[in-house]
Structure formats: C-alpha cells, structure tokens
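Residues per chain, in single letters:
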Amino acid sequence: MITPSSPVLSYRDDFSFRNSPAAIRRFPFPFTEDSYLYSVNIEPATSRDPGSIYHCAFDIDEHYRSEMAERAQVLDKDPRRYLVLPHMQVAAWDALQLLMESLAGDYPQWFVLNRDGERWHWRNLLLDIDQHFVFGDASSLPCEPLEFIGRQVQGDFALLDQRDNDLFMDAGIVTSPADWSLAFDAGMSFKQWHSPVPMAHQMGIFERALKYLLNLQTGQPVRRLNWTLTIKPRLDSSPETFHEWGADRGRITADNVGQEVHLRVELQVMLRLPRSNAVMFSIRTYLISLQELVTQPGWGCRLHRVLRDLPEPIADYKGMTRYRQTLVEWLAQFDPQS
Amino acid sequence: MTDSLNAALEQRHSLPRYQAAPLGANARQHLVVMQSTAASAPFVCELEPAQVLNAEHPDFARRLQQLLGSATVGSHLYVMGDEAFMWRIHGLARDAGLEEQEIDLSHTLSGPRQVYCVHCGLLQAASPTAQLACLGCDVELEVREHFSRRLGAYIGVCRNPDQPYAGAHS
Amino acid sequence: MSRPLQVQVSATRMLTQAVREFTFTPCSGHLPAFSPGSHVQVHLPLATGTLRNAYSLTSDPADNRHYRIAVRLQEHSRGGSRFLHREVQVGDTLQLSAPANLFALHSTASLHILIAGGIGITPFMAYIAALEQRQANFELHYVYRQGQSDAYVDELQQRLGTRLHTYPQRPDLNRILRERPLGSHVYSCGPQPLLDAVRQQANALGWPAQRVHWEAFSAAQPGQPFDLNLLRSARQLRVGAEQSLLEALEAAGLNVPNLCRGGVCGQCKVRHSGGVIEHRDSFLSPAEQAEFLMPCVSRGHPCVSLDL
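Calculation rules
- Here the residue numbering is sequential within each chain, running from 1 through the sequence in written order.
- Written order decides the labels, with chains lettered from A and ligands numbered from 1.
- At least 70 in pLDDT is required for a residue's local features to be given in this predicted model, at least 80 for side-chain atom pairs to be given and counted, and no such filter applies to totals for whole chains, interfaces and linings, which use all residues.
- Only runs of H or I of at least four residues qualify as helices and only runs of E of at least two qualify as strands under DSSP, and these elements are numbered from the N terminus.
- Only C-alpha atoms enter the radius of gyration; for comparison, a globular chain is expected to reach 2.2 Å times N to the power 0.38, where N is the number of residues.
- As a rule, residues whose C-beta atom has 12 or fewer other C-beta atoms within 10 Å are exposed, those with 20 or more are buried, and those in between are partly exposed; C-beta atoms are placed from the backbone.
- We call two residues in contact whenever the C-beta atoms placed from their backbones are within 7 Å.
- Two strands form a pair only when DSSP identifies at least two bridges running between them.
- Angular values range over 0 to 180 degrees, each being the angle between N-to-C directions of two axes fitted as lines to C-alpha atoms, with helices fitted over their stretch in contact.
- Crossings are classed by handedness, with left-handed meaning an anticlockwise turn of the near helix from the far one by less than a right angle and right-handed meaning a clockwise turn.
- Three classes are used: nonpolar for Ala, Val, Leu, Ile, Met, Phe, Trp, Tyr, Cys and Pro, charged for Asp, Glu, Lys and Arg, and polar for all others, with Gly counted as polar.
- UniProt positions are given in the numbering used here, feature names are shortened, and annotations may be inferred rather than shown by experiment.
- Expected span of a helix: the number of residues minus one, times 1.5 Å.
- Every residue carries a pLDDT, the predictor's confidence in it, which falls somewhere between 0 and 100.
- Each domain span listed reflects an automatic or database assignment of domains.

Trainee: Would you explain the overall build of chain C in this entry?
Mentor: Per the secondary structure count, chain C includes seven helices and 17 strands. Relative to the globule expectation of 19 Å for 308 residues, the C-alpha radius of gyration of chain C, 20 Å, shows essentially globular dimensions. By principal-axis analysis of the C-alpha atoms, chain C measures approximately 60 × 45 × 30 Å. Here chain C holds 308 residues, and the buried ones make up 47% of them. Long-range contacts, defined as pairs at least 24 residues apart, comprise 67% of the intrachain contacts of chain C with a sequence gap of at least 6.

Have a look at this one:
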C-alpha cells in the first residue's frame, strides 16, 4: 500500500529495490505457454481484476515514489531522455489531459483535478505537488506539459504522430527503456524504429501491427505484454548508459543468479489521443528478481522451458547470451521434467 | 542474393536507401546539389529544367539557402556525394519543408559518414569501418546497422562494456 | 466498438434553404473530445429501419460542451437527410457513434490550403478553429452557390478576412496550387468532380500524393431488395430497398466494424462467396472485389453469401 511516506528504494548504486509479497503476486508473468513466439498479441485494454495491474488505466503501485525519484535523477543527468518535436505540442497537452483525468479518476485519494474552463488546478498528494495552470499555455507550468505529467506517472511514454499512413515517434519521455534510445529513434517511422528486432519483420508482424494501430479509435485502448531480462533491478537499462551496466551481464554465476537476474515485463498500452489524433504508446515496466519469481507456483518451471528453447537470435537481441546457460541450468531445479 | 542475405537486409528498415537513377518522380522543377564535380551522377544531364549547385563553389552556403528558400511545391531535390554530405543537405532540405519523397540521395563518393555516440550525444564524422573511439567521451564505439534520417547518422554504442574506453589498456 | 452516445438536440437552425445545422448536448456525462476532421454517425430511426449517416463535426474541438453538424437535404436518397430536416426537433434525443477521424490535419505542414465545395465546408469549420488556436498558416477556398450551398459564409468572412477566398463556380485550381512554398499541403472536401480536379491539377504541377488530402462524402444508395445467407451463423436475412447491407446486418444484431458508411475507408470489409455482387465502393481493387465486398454501400442479387 503506497503512502506519501513510503520508503524510496533505489534502482542504481545500492539497488535496494525489492518487491513486497503483494507486488510479487500481482506481477504480470507473461508466459501462457512453455515456449515463446512473436505475435501481434494485442487485446482491448479493458479494466479487469481489481487489485491487478489491469484494473486502472495507468497503474500506480508500491514503487511509485521510488520510480519518480529515479525518473527525476535520470532526467536531471541526461535531458536527452525527454524530447518533443515542434509539431507535437497539441499531442503533448492531449497526453497531459488524458493522464490527469485517468489518475484523478482512478486514484482520487492521491490525485485531484479541478477545472474551470482553461484554468486547471492539479494536486498530487504523493509528491506534494499543488499546481494551478492554464491548459495549453506551457509558460504557466514549471516545465513543458509532457515532462510535467511524465514526472508524476510511472512508465515511459512515446507519442506517435499519424501521417502518410504511418506512425512517427515524434515525442516522448523515456527513462526506463529496455535498450532503445529516444534521442536516436525520434522522428523514425514505425518500421524504422523496430529495425533492430530480429525475425519479426519476415513474419509480417510489424505490417499487421502498424495497420492495427493506424486504426485505433478514441476510447478504445489496447495493450500487450513485452518481456526481457535485466541484471540487477536497473530501470535505466538504456543504450545511453550501456557502457556503465553492460558488464554486469558477464558477472552472473550459479550463486548469484537468483538475486541478480530480473525478469523485466513491459505492459504496453496504445491509445488514440482525441484532439491531436496522435497515438500514445505507454510502457510500464515491472521488475522481479528470479529468487522472488520462483516463489510463485509454476513460474520457475515455465520460465526454464521458455529460456531453454528460445531461438538464438531472440536470446541475443534480449541480451542474455553471456549468462543464458548459467541461468537455464539454475532454473532447471524448478522444472520437474529436467 | 541469397535468402539469408535478403532476410538480413529486409529487417534493416532504418538503413538509408540510395538511388543510382531517379525514380521517376512527378516533379516540375529539379534541384541538384552535388558535393563536387566528381560527385555528379550520370543522370543529371537528363533532368530538365534543373538548378544545379556545386558545393565546391565558394558561395555554396548562401546559394543553397536561397535555393531551398525559394523552392516551391513540385520540386524534387537530388543530392550527390558522400554520406556525411548527403545527409547534411537532407537535413537542411527537410527543415525547408521538403518531404522525404521529394528527396533522392545518390551515394556517388566514398567518404565519411556521421555517427551519433549514444553515450554523450556527439555527432561526429567517421569512416565506413564499424568501430571508432568517440571524440567526445572516449568510449570505444561499435557502429550499428541502425540509422536516423533526422540526425543523418548511424548509432554508435559501446562495443565492449567490460572495457568501455578506448584509452584503457589494462 | 464503443457504445453509442445519447445526445439531445439542443438547437437547430437553417444555414441555407437546403442546409440545417444541429447542436447536440450529452444526455449524461461528457462528450468525448475529437480531432478536427472527425465525423460522427447519426443513428436515424426511420420507419423502414434504422439508417446510420456519417456527418463531419463542424464545432470547435476545444469546446466539449456540444457537437455540431450541418446536414444538406438530399432529395434522391434513402431518406436520412429528409428525416433530419423534417422530423427531428429541438428536445429530441438521438444516438451517435463516437467520433472517428478519416481526414486528419497533417501535423508538419507549414501551410494548409483548404478547398471546399458546397457542403464540403463542414470538416473545415472544425479545422479552422483548431488551426487558429495553433496559430498555423492556412487559407480557405470556398466554392458555393449563393443562397443554396453557402453555409457559414458570413461567419467565415468575419473570422478569416483575407484568408477566405470565395467563388461562385469552380476556381482556377492552377492559380491556387502553383508556386506554393515548401511545406504546403492541400485538403479538399466536396463533390467528387471537385476532388478529382484538385488531385489532377496537383499532379500536373508536380505535387507528390503525400501533400494532397481529401474527403469524399459518399453514402449508401437505395437498390433492389435481396437475400443474405450468413454462412458462419447459419442465418438468412433480407436487405430492404432503402436499407444498406450493413444496416441489415446491424438490425439483426451483427456488429461489423465500420467507420465511414460510404465505401471509402475499408473498415467493414467482409468475405463473400455466392451471389452476383454489385460493388459500389471506392476501396477494394478489382482483384479484392472477387473475394470481398464493402457492406456499407455494396449490394447484390439474388442471394449473397457472406462469411459471417
């Protein structure tokens, strides 16, 4: 249960991040089968299972204050993690409106939004923010709208401009990427920014996904899960800092697998922003150490089989080459068949 | 080409595509910008009517600004030279309001290309080899097969995180 | 697909002798925000069955208190516009489908050239509200018949001044489109011949297709009644003369995804396998039409089998 005085844990330096038993139970374990294959695994983002990550539009969990402190650190050290191309101002305000309305609606005990025409009053009791501003006037906020609201909601956001029958990544706030760079990818089309993903292009995955997203209608959000592995509970596993964390992949041993290797699951929500017609792509990251993960019945066994049989190009792309064998061997103990 | 090479190229959607000959754009005015006389592509003489600029000319910068500033819709731009030159002009053309489809690039000179160091954000000229030490932060970079048209550059990422810096020898 | 919106007609006025404007307010809650160029489908409870017609939202997207549409009376049609002109009064409630946008502004354009013919002015009313707020460069070229199809012209003259150009007949499109600065985009809406002429002239001047945008107002036309055989649900239906195939499906409780109701957007595509099909859409290629049809406008005889 999150409160304004909840402890702030860290995703760097001493890596004090841990999941409570409740957080472990609600963790979105993504594998429904013993093997993993790409698909356009999109479903309508309807509210379900109260208490789960799917209940509210933008999930606030026990790590809120920790994550917002981490975001502030990343942005202060590297402003390139936030970018809004000039033509995306309307989309940025669209995103601010959507996020404020969602948070105030889903969590009225922590977020309050009052409006009188264009004069808005926003309060965030968890971070002690009390802000009057004029909607549409960036000078009435302490920083630009996407950054202002982005510093108050968990997850990364990319705003995609829809034009020429394509989507372009023209704005975003990205401080917890699984190894991609907003600063580099900004301005790219859908297929261009997915260029590094192996195998999926030949399967026509991106062709179908793009068609689907171009057709998103307001009020009908969709979602999917994406997954990878991270060493240590490092949210900022960006290319920007790869020279700092990349070496961790070479330090995995049979003794430290459980505490060092983390499953990283992204809840991706895609929705149509109503006034700009842009697409919002939100990426909400959940981390769990393997030693926490295996406390849940069946998860260790399933993960063993998925990682054991994962095609090599996909395993390489997900960065697990150096420690995959050690990891699979460790997971075997949770698989009755091995 | 073999199937695996086809497949490998198929997934490199961000990589630039260069034209050896014009794609038959439906343009009324042809704008030609070449890095040097040596950079000129054979098809230039087929483009009528055309305004031609050569970057070897001392007044090139001003003439280019004037060309792009006075161009109207219905123009098609052809750029010829090495990668670094082509993408610099491409960026200026986009800023002036030309769309991607209105710009053809012909890679007629070998020469440097631009690399973006993802660690410090520095855009720097680099040879076509796959490796370089970043001029800004000294990280030894691997230049990847991932290209940004906006930056006109390939991405350079730390090649060996176990030993990230070029200067280190221990 | 999302639930329809319940709205009340809060005001109506005649903009010309043939064009009636409706203002809708929500029966409860708020109206969803929309982007300029969006349209809504109005569900029209005719005696012969429910029709759904698509109309552009003319109101300011920044004002979420109401929606506005402007409907031109079409004499030779299935009766939707007649119903709206003659039967609907202030205080009545109607159902609308949530806004959808098939005619969005191009966000990186530095000059928006708008060309409207007659009732084609409607999406541009929302456009100019948004463009003014964004302080974007634009100009509006409006061709209309005085007193007949000149909706909003007084208001436009006041608001736009020299940015408005009006014409009693089709203007010299060459003059409008030639020598335009880089970054210009052209948008046209109105009768098909106007849209075709704009595209032709743009092409002749070397404009690439990506700079040319248009919205055609097309809708289902009446035809002969015919039978439907739904293969997967093993049902037989009848499509009435005034009813579209899509409306017959909807009346039977089948919800096929759809957006434009006019055979343009491709959303309602359905596989067919029997019967002589009368394709009336502007979306499918001839090769595709051998396998698929667009039920919002197309018809067939004597009995059409569908993979539904």
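Trainee: Explanation requested: the environment of Tyr55(C) in the structure shown.
Mentor: Residue placement: Tyr55(C) occurs in strand β4 (residues 49-56). When sequence neighbours within four positions are dropped, the list of residues in contact with Tyr55(C) reads His39(C), Val40(C), Val42(C), Ile69(C) and Val71(C).

Trainee: Please explain the pairing of strand β1 (residues 29-34) of chain B as it appears in this structure.
Mentor: For a regular strand, side-chain orientation follows a simple rule: the groups alternate between the two sheet faces. Residues and elements named next belong to chain B. The buried fraction of β1 is high, at five of six residues. In terms of strand pairing, β1 meets strand β3 (residues 75-81) through six bridges, oriented parallel. Along β3, the bridge assignment pairs His 30 with His 76. Both β1 and strand β2 (residues 50-54) contribute to a ladder of five bridges, which runs parallel. Residue pairing for β2: His 30 is matched across the bridge by Ala 50.

Trainee: Would you mind going over the packing of helix α11 (residues 299-309) of chain A against helix α13 (residues 324-331) of chain A with me for this structure?
Mentor: Helix packing geometry: the angle between the two helix axes and the distance between the axes. All names here are of chain A. Viewed as axis vectors pointing N to C, α11 and α13 meet at an angle of 145 degrees, and their least axial separation amounts to 9 Å. Considering how the two elements wind past one another, α11 and α13 form a crossing that is left-handed. Residue-level inspection shows Gly 300, Leu 303, His 304, Leu 307 and Arg 308 of α11 in contact with α13, the latter providing Arg 324, Leu 327, Val 328 and Leu 331. Counted by class, the contact of α11 with α13 contains five nonpolar, two polar and two charged residues.

Trainee: Could you clarify how one ought to interpret unusual backbone geometry in this entry?
Mentor: Glycine aside, residues mostly have negative phi angles, and peptide bonds mostly take the trans form. Between Glu48(B) and the following residue, Pro49(B), the backbone shows a cis peptide bond with an omega angle of -10 degrees. Relative to the helices and strands, Pro49(B) resides in the loop between β1 and β2. Across the junction of His301(C) and Pro302(C), the peptide omega takes the value -20 degrees, indicating a cis bond. Turning to its location among the elements, Pro302(C) is positioned in strand β17 (residues 299-306). Positive phi, normally seen in glycine, also occurs at Tyr152(C), with a value near 70 degrees. The topology assignment puts Tyr152(C) in the loop between β9 (138-143) and α3 (153-160). Classification of Tyr152(C) by C-beta neighbours within 10 Å gives buried; the count is 22.

Trainee: Quick question: what am I supposed to make of the interface of chain A and chain C here?
Mentor: A common measure of how large an interface is: the accessible area buried when the components associate. On the side of chain C, 16 residues touch chain A, which itself brings 14 residues to the contact. The biggest single contributor to the side of chain A that touches chain C is strand β6 (residues 156-163) of chain A, with three residues. Grouping the constituent residues of the side of chain A that touches chain C by class yields two nonpolar, eight polar and four charged.

Trainee: Would you take a moment to explain the UniProt feature "domain: FAD-binding FR-type" (unreviewed entry) in chain C for this structure?
Mentor: If you check UniProt for "domain: FAD-binding FR-type" (unreviewed entry), the listed places come out as residues 2-106 of chain C in our numbering. Note that residues 2-106 of chain C is 7% helix and 45% strand, and that its end C-alpha atoms are spaced 26 Å apart.

Trainee: Help me understand helix α3 (residues 89-106) of chain A in this model?
Mentor: Side chains that are three or four residues apart share a direction in an α-helix, a result of its 3.6 residues per turn. Across its 18 residues, α3(A) extends 26 Å between first and last C-alpha, which sits within 8% of the 26 Å expected from 1.5 Å per residue. If you check which residues of α3(A) are buried, you get Val90(A), Ala91(A), Ala92(A), Trp93(A), Asp94(A), Ala95(A), Leu96(A), Gln97(A), Leu98(A), Leu99(A), Met100(A) and Leu103(A).

Trainee: Got a minute to help me understand the confidence of the model for chain C in this structure?
Mentor: This prediction gives chain C a mean pLDDT of 94; 100% of its residues lie at or above 70. In the model output, the complex is listed with pTM 0.93 alongside ipTM 0.92.

Trainee: Hey, could you run me through the domain arrangement of chain C in this one?
Mentor: Residues and elements named next belong to chain C. The domain boundaries assigned to chain C delineate domain 1 (5-101), domain 2 (111-216) and domain 3 (226-306). Just the C-alpha atoms count here: the centres of domain 1 and domain 2 sit 23 Å apart. Across the boundary between the two partners, domain 1 contributes 16 residues, which contact 15 residues of domain 2. By residue class, the composition of the side of domain 1 that touches domain 2 is eight nonpolar, six polar and two charged.

Trainee: In this structure, what is going on with the sheet that holds strand β16 (residues 292-293) of chain C? I would like to understand it.
Mentor: Hydrogen bonds between backbone atoms are what pair the strands of a sheet, whose relative direction is either parallel or antiparallel. Residue and element names in this part refer to chain C. Strands sit in the order β14-β13-β17-β15-β16 across an open sheet of five strands; the sheet is mixed. In this open sheet, the two edge strands, each paired with only one partner strand, are β14 (235-239) and β16. For strand β15 (residues 270-278) and β16, the ladder comprises two bridges, and the chain directions are antiparallel. Its bridge partner lying in β16, Val 270 is registered against Leu 293.

Trainee: Explanation requested: the sheet that holds strand β12 (residues 212-216) of chain C in the structure shown.
Mentor: Residues and elements named next belong to chain C. Read across the open sheet, the five strands follow the order β10-β9-β8-β11-β12; overall the sheet is parallel. Each end of this open sheet is capped by a strand with a single partner; those strands are β10 (164-167) and β12. Strand-to-strand twist across the sheet, computed as the mean angle between neighbouring axes with direction ignored, equals 15 degrees. When β9 meets β10, the two strands line up parallel, connected through four bridges.

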